[in-house]
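Observations on chain architecture
Each chain, written out:
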Amino acid sequence: MYTVACMKWGKKYGPEYVNRLFNMVERNTTLPFKFVCYTDDFAGIDSRIQAFPLPEMDLPPDRERGWRKLSLFRKDVGLEGRVLFLDLDTVIVGNIDDYFTMDGDFIFIKHWKPSKKHGIGETGVYRFEAGALDFLYFDFMNNMERVKADYRHEQAYVGDVLSKRGIAKFWPSEWMPSFKYNCMRPFPLNWFMQPVKPPKAKMIVFHGVPTPEQAMGEEKIRGVKALIRHVITPDWLKEDWK
């Protein structure tokens, strides 16, 4: 039995995101799995999903930048074995069995534009062994000011620390195309042609603009990005993101 985990807090995402993510996992794996969600609001979450309260984490009231995700590395949050973490805006478009069985202690998305500011990888989709990386949580909590001064957000911190220890590994890039970099047509073709789904894609990664809602036409894109990130909703997205 493998575990798929996600987190939902605040008002950005409703329960439909959690339920949709569960549906996509169920359609796209042949392996036995349980699906867990850590949340501050249980309302509307599908009964097939195991919902747990967010692990307690004493964070200051500043911009969060994903630091709360570090709490799932603790040994006392109820996770066991091999865990695949998915951000709620992940779109699954193919079989994901390989995400559970691929060798590696920690596997995540290779950043399309690695830099000191953004880090070498993205933690929208990552896999780890439950409890094995709890030092990431405790180092952050014990040295929060230093870590925040050195790293812009959680994924830059995680990627740098684990790569220096030699235990960070990337998913094959063809599995994880970026929607805006690998699927969308360049301006001005984006106004006339639908984004493509790369043939070897297993998950589509949304980051920045457009979001899945914007790609579906459910939310407007503001400012100059409304021009260069305009999306004609692709037929494949309508079929896969549900």
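Bear in mind the structure is a predicted one, so any value in this text is a computation, not a measurement.

The subject of this paragraph is the pattern of salt bridges. Under the criterion given, the structure shown has 14 salt bridges. Close ionic contact of Asp-76 with Arg-74 constitutes a salt bridge, the shortest N to O distance being 2.9 Å. The class for Arg-74 is buried, based on a relative accessible area of 13%. The shortest N-O distance in the salt bridge between Arg-146 and Asp-139 comes to 3.2 Å. Judged by relative accessible area, which is 40%, Arg-146 ranks as partly exposed. Beyond isolated ion pairs, a larger network of salt bridges with shared partners links Glu-26, Asp-46 and Arg-48.

Here we take up the sheet that holds strand E6 (residues 106–115). What the seven strands build is an open sheet, ordered E3-E2-E1-E4-E7-E6-E8; its pairing is mixed. The open sheet has two edge strands with one neighbour each: strand E3 (50–53) and strand E8 (168–170). If you compare each strand with its neighbour and ignore which way they point, the axes differ by 35° on average. Here three bridges tie E6 to E8, and the two strands are oriented parallel to one another. Looking at the pairing, Phe-108 lines up with Phe-170 of E8. Running over the sheet, helix H1 (residues 15–27) touches strand E1 (2–8), strand E2 (33–39) and strand E4 (82–86) and is turned about 165° from E2. Across the sheet, helix H5 (residues 154–164) touches E6, strand E7 (119–129) and E8, and the angle it forms with E7 is around 75°.

Cut-offs applied
Residues numbered from 1 in each chain as written. Predicted model: local features only at pLDDT ≥ 70, side-chain atom pairs only at ≥ 80, totals over all residues. Heavy atoms only, no water. Salt bridge = Lys/Arg side-chain N within 4 Å of Asp/Glu carboxyl O. Buried < 20%, exposed > 50% of the residue type's maximum accessible area, 1.4 Å probe, protein only. Pairing = 2+ DSSP bridges. Helix = DSSP H or I, 4+ residues; strand = E, 2+ residues; numbered from the N terminus. Axes fitted to C-alpha atoms, helices over the stretch in contact; angles between N-to-C directions. Contact = heavy atoms within 4.5 Å.

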